[in-house]
Amino acid sequence: MTEPTITVNISEQPKKSYPIYIDNDDIKTLRLKLDEETKNKKRLVIFSQKVYKIYGKSLGFDKSEIFVLKDGEREKNIKNYEKIIKKAIELKLSRKDIIIAIGGGVVGDMAGFAASTYMRGIEFIQVPTTLLACVDSSVGGKTAIDMPKGKNFVGAFYQPKAVYINLNFLKTLDEEQYKSGFGEVIKYGFIEKSCYHNEYFDLLGFLKNHREDYFKRDNDFLAKIIKICLELKSAVVSQDEKEKGLRKILNLGHTFGHALEEETKYQRFTHGYAVVLGIMFVFNYGLKHNFCDRKYYEEAFTLIDFYGYNLPKMWFVNKKRTLNYMKTDKKSDGENITLIIPTNYGEVTEKTVQDVEFDIQYKIKK
Ligand SMILES: NC(=O)c1ccc[n+]([C@@H]2O[C@H](COP(=O)([O-])OP(=O)(O)OC[C@H]3O[C@@H](n4cnc5c(N)ncnc54)[C@H](O)[C@@H]3O)[C@@H](O)[C@H]2O)c1
């Protein structure tokens, strides 16, 4: 068995620690690795629709063990959760059996939640195939489905047994999804120092110098940023698995980002793009309320611009409703809004506020 690229250590419960493997081997070999990992177990393999279309044949799982989830955030719902549970029952999965999620964050979140509740919890493996799932959602154990009242409203903290990342999947990602995933990469740049990882990568500095590699989808570049993001995420999760404190920093850009996604019914922005707009939002708040200085603010907006994210005119946003979404966000208490705000280079702080201004500016000196 190959050595893991990273091991996620859950300090409160070492038994929950798990390996992350990152490689760019032929995708067909992934099947062999998964067979080895699931030896003597019955399994339910849940695919994202597009991923199944592209890779279903080469992975060659038995049709009977497959569930294909239609694409789109709106599919992360309770009806599909029920269908997955029914499929697990039909396959007669027992407590010693396993679920495998192959796809983006939607499939990972759904499959993880199904695994966490089926028979009070069976094992599951994450095979992330979007950049977003590789750098973020497949690791850390947040699983969930959406409810009409809000995103990720029902879920569990439930760690996978292992995470298998194969860079070759990223070649078939469309531009929009690639950019979405990169939104979370940028987020890690802005929170790096606050993650308290024992090694300093200077992700922001690295990103400033590697724009070309991003557009080329250079394998070494992708392997490096995925590893850095997951090292940072693992460090945070290992200190605070259940988001009692430190882990909240991973939500940088998410309070406004989620509200925007809800306000636009998941039709206008991908998750990662909404997060970048949320990061712009908190930078504006930070500048206005003296959490960060103009130099850092300008530097941040220059980087965001550098990677092609633009602030759209927010005419379509109903401010009252969006504010309400922010107040009903899981991190907030219904009355106030919890924001993660940039302070210094790679550092953030948490602040609970009663109101926020919607005057996002997009000012960079060119
Ligand atoms: N659990 C967490 O910690 C966490 C963190 C961040 C985001 N999330 C969740 O992740 C979800 C977003 O995930 P996402 O951005 O991966 O979107 P997604 O799962 O909706 O996938 C996006 C699209 O890309 C397609 N796709 C996936 N892999 C592909 C490939 N290799 N080639 C071509 N197409 C491919 C999918 O079929 C889908 O159409 C949201 O629901 C968000 O809430 C969870």
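Residues numbered from 1 in each chain as written. Predicted model: local features only at pLDDT ≥ 70, side-chain atom pairs only at ≥ 80, totals over all residues. Heavy atoms only, no water.

With that out of the way, let us pick up the site of the ligand. The immediate surroundings of the ligand are formed by 27 residues, with Asp-71, Glu-73, Gly-105, Thr-129 and Thr-130 found nearest. One of the side-chain nitrogen or oxygen atoms of Glu-73 is found 2.5 Å away from an oxygen atom of the ligand. Within the backbone of Val-106, a nitrogen or oxygen atom sits 3.0 Å from an oxygen atom of the ligand. A total of 870 Å² of accessible area belongs to the ligand in isolation, and the protein chains cover 92% of it. The set of elements that each furnish at least two residues to the shell around the ligand consists of helix H2 (49–59), helix H4 (105–117), helix H5 (131–137), strand S8 (150–157) and helix H6 (175–191). Here the shell around the ligand spans two domains, and each of domain 1 (6–172) and domain 2 (180–353) adds at least three residues to it. (Near = heavy atom within 4 Å. Polar contact = N/O pair within 3.5 Å; in protein donor to acceptor, adjacent residues only side chain to side chain. Areas by Shrake-Rupley, 256 points an atom, 1.4 Å probe, with all protein chains shown as cover. Helix = DSSP H or I, 4+ residues; strand = E, 2+ residues; numbered from the N terminus. Domains from an automatic or database assignment.)

Pairing analysis gives four bridges linking strand S3 (residues 43–48) to strand S4 (residues 66–69), with the strands arranged parallel. When the bridges of S4 are listed, Phe-47 appears paired with Val-68. As a crossover connection, the stretch from S3 through H2 into S4 is right-handed. (Pairing = 2+ DSSP bridges. Right-handed = clockwise from strand over helix to strand, strands pointing away.)

Here we take up the sheet that holds strand S9 (residues 162–166). The mixed open sheet is built from seven strands, whose spatial order is S1-S2-S9-S6-S5-S3-S4. Looking at which strands have only one partner, the edges of the open sheet turn out to be strand S1 (6–8) and S4. Neighbouring strand axes in the sheet, compared pairwise and without regard to direction, differ in orientation by 20° on average. Of the strand pairs in this sheet, strand S5 (residues 98–103) and strand S6 (residues 123–128) are connected by six bridges, and their pairing is parallel. Residue pairing for S6: Gly-103 is matched across the bridge by Pro-128. (Axes fitted to C-alpha atoms, helices over the stretch in contact; angles between N-to-C directions.)

Turning our eyes to something else, we now look at the domain arrangement of the chain. Taken domain by domain, the chain holds domain 1 (6–172) and domain 2 (180–353). For domain 1 versus domain 2, the distance between C-alpha centres works out to 25 Å. Across the domain 1 to domain 2 interface the summed buried area is about 3000 Å²; carbon plus sulfur atoms make up 60%. Where domain 1 touches domain 2, the interface holds five salt bridges. Of the charged contacts in the structure, one is a salt bridge between Lys-151 and Glu-261, with a shortest N-O distance of 3.8 Å. Put simply, domain 1 and domain 2 have ten residue pairs in polar contact (both at pLDDT 80 or more) between them. Elements with a contribution of two residues or more to the side of domain 1 that touches domain 2: S1, strand S2 (18–23), H5, strand S7 (142–147) and S8. Ranked by residue count, the leading element in the side of domain 1 that touches domain 2 is H5, at six residues. Residue composition of the side of domain 1 that touches domain 2, by class: 15 nonpolar, nine polar and ten charged. (Buried area = accessible area lost by both parts, 1.4 Å probe. Salt bridge = Lys/Arg side-chain N within 4 Å of Asp/Glu carboxyl O. Nonpolar A, V, L, I, M, F, W, Y, C, P; charged D, E, K, R; others polar.)

Another point: helix H13 (residues 319–327). Burial in H13 covers these residues: Thr-322, Leu-323, Met-326 and Lys-327. With its buried residues spanning 145° around the axis, H13 presents them on a single face. For H13, the capping residue at the N-terminal end is Asn-318, with a side-chain oxygen 3.1 Å from the backbone nitrogen of Lys-320. (Buried < 20%, exposed > 50% of the residue type's maximum accessible area, 1.4 Å probe, protein only. Arc of directions from axis to C-beta.)

So, about the packing of H6 against helix H11 (residues 271–288). Here H6 crosses H11 at 35°, and the two axes come no closer than 6 Å. The handedness of the crossing between H6 and H11 is left-handed. In this structure, H6 contributes Lys-179, Ser-180, Gly-183, Glu-184, Lys-187 and Phe-190 to the contact, and H11 contributes His-271, Gly-272, Tyr-273, Val-275, Val-276, Ile-279 and Phe-283. Each residue belonging to the contact of H6 with H11 can be placed in one class, and the counts come to six nonpolar, four polar and three charged. (Left-handed = near helix turned anticlockwise from the far one by under 90°. Contact = heavy atoms within 4.5 Å.)

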